[in-house]
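Here are the chains, one letter per residue:
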Amino acid sequence: MKRLSALKTITDILFVLAVIPAIFGLPFILMTAIMPERIPFKLNGDEFATINGAELIISLLVIYLSYALAVYALYLFKKVLESFKKKRFFDEVVILSFNQMGKALLLSWTIGILPSLYYNLVDGSIKISIGFSDSLFTLGLGFFFIVLSDVFLMAKKQKEENDLTI
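Residues numbered from 1 in each chain as written. Predicted model: local features only at pLDDT ≥ 70, side-chain atom pairs only at ≥ 80, totals over all residues. Heavy atoms only, no water.

Draft legend 1. Up close: helix α3 (residues 92-123). Over its 32 residues, α3 extends 47 Å from the first C-alpha to the last, a length consistent with the 46 Å expected when each residue adds 1.5 Å. Taking the largest bend as the criterion, α3 deviates by roughly 30°, centred on Leu114, and proline Pro115 comes between one and four positions later. One or two positions beyond α3, positive phi appears at Gly124, with a value near 75°. (Helix = DSSP H or I, 4+ residues; strand = E, 2+ residues; numbered from the N terminus. Expected span 1.5 Å × (residues − 1). Bend = angle between axes of the 7 residues up to and from the residue.)

Draft legend 2. The arrangement of the environment of Leu56 in detail. Counting through the fold element by element, Leu56 comes out in helix α2 (residues 53-85). A relative accessible area of 5% places Leu56 in the buried class. Along the chain, Leu56 and Thr32 lie 24 residues apart, while their C-alpha atoms are 8.3 Å from each other. (Buried < 20%, exposed > 50% of the residue type's maximum accessible area, 1.4 Å probe, protein only.)

Draft legend 3. The pattern of salt bridges, seen in detail. What the rule picks out here adds up to five salt bridges. With its nearest N and O atoms 3.5 Å apart, the salt bridge here joins Glu82 to Lys8. Residue Glu82 is found in helix α2, and its partner Lys8 is found in helix α1 (residues 2-34); the two are separated by 74 residues along the sequence. Given a relative accessible area of 32%, Glu82 falls into the partly exposed group. With a relative accessible area of 11%, Lys8 lands in the buried category. Between Lys156 and Glu92 there is a salt bridge whose closest N-O contact spans 2.8 Å. (Salt bridge = Lys/Arg side-chain N within 4 Å of Asp/Glu carboxyl O.)

Draft legend 4. Local environment of α1. For α1, spanning 33 residues, the distance from its first C-alpha to its last is 49 Å, which sits close to the expected 48 Å at 1.5 Å a residue. When we look at burial in α1, the residues that qualify are Leu4, Lys8, Thr11, Phe15, Ala18, Ala22, Gly25, Phe28, Ile29 and Thr32. Against α2 lie the buried residues of α1. (Contact = heavy atoms within 4.5 Å.)

Draft legend 5. Representation of the packing of α1 against α2 in the model. Running from amino to carboxyl end, α1 crosses α2 at an angle of 160°, the nearest separation of the two axes being 9 Å. Overall, the two elements α1 and α2 adopt an arrangement that is roughly antiparallel. As α1 packs across α2, the resulting crossing turns out to be left-handed. Residues belonging to the contact of α1 with α2 are distributed by class as follows: 25 nonpolar, four polar and five charged. (Axes fitted to C-alpha atoms, helices over the stretch in contact; angles between N-to-C directions. Parallel < 35°, antiparallel > 145°, perpendicular 65-115°, else oblique. Left-handed = near helix turned anticlockwise from the far one by under 90°. Nonpolar A, V, L, I, M, F, W, Y, C, P; charged D, E, K, R; others polar.)

Draft legend 6. Geometry of the packing of aromatic side chains. Applying the stated criterion to the full structure yields nine aromatic pairs. On the numbers, 5.2 Å between centres and 65° between planes, the contact of Phe98 with Phe152 is edge-to-face. Within this pair, whereas Phe98 is found in helix α3, its partner Phe152 is found in helix α4 (residues 134-164), the two being separated by 54 residues in sequence. Here the two residues Phe98 and Phe152 agree in accessibility, since each one is buried. What links up through ring pairs into an aromatic cluster is the set Phe77, Phe84, Phe89, Phe90, Phe98, Phe144, Phe145 and Phe152. (Phe/Tyr/Trp six-rings, centres within 6.5 Å; stacked < 30°, edge-to-face > 60°.)

Draft legend 7. Just the packing of α2 against α3, in detail. For the pair α2 and α3, interaxial distance at closest approach is 8 Å and the crossing angle is 160°. By the angle between their axes, α2 is roughly antiparallel relative to α3. Considering how the two elements wind past one another, α2 and α3 form a crossing that is left-handed. Counted by class, the contact of α2 with α3 contains 23 nonpolar, seven polar and two charged residues.

Have a look at this one:
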């Protein structure tokens, strides 16, 4: 149980740190929409010189939605750890949370890749690279949680059948 407590503590800290950008993200997007010349910093080392107007606002909103879905998945993971701490391993909440976590991560990945795909298509600079990336990790993690949900559902049914057997 010490490891579970440590994981829960780390997850709680990560969740609080992840919520802070989620809170300030919408005001930043509004500030960008109203007065773009007043943005006091660069994002990812780049200024938004090539992107302007509605494209920039839509891109930022899409990225924000992708981030919010990832934070939601982290919240669901936090909820699952709380159930584990209460020794409710095959609870319906755990199974549904795993499934929703996977779907939220897959949707976050899908939505998050759209702006970069769009701008690569517009610029005509499509690059294909082989190797490990955060994007593939998120995709794999999403599928992992969906499969884990199915495994927990099968284990729950098996446990119920074993409990009925004398």
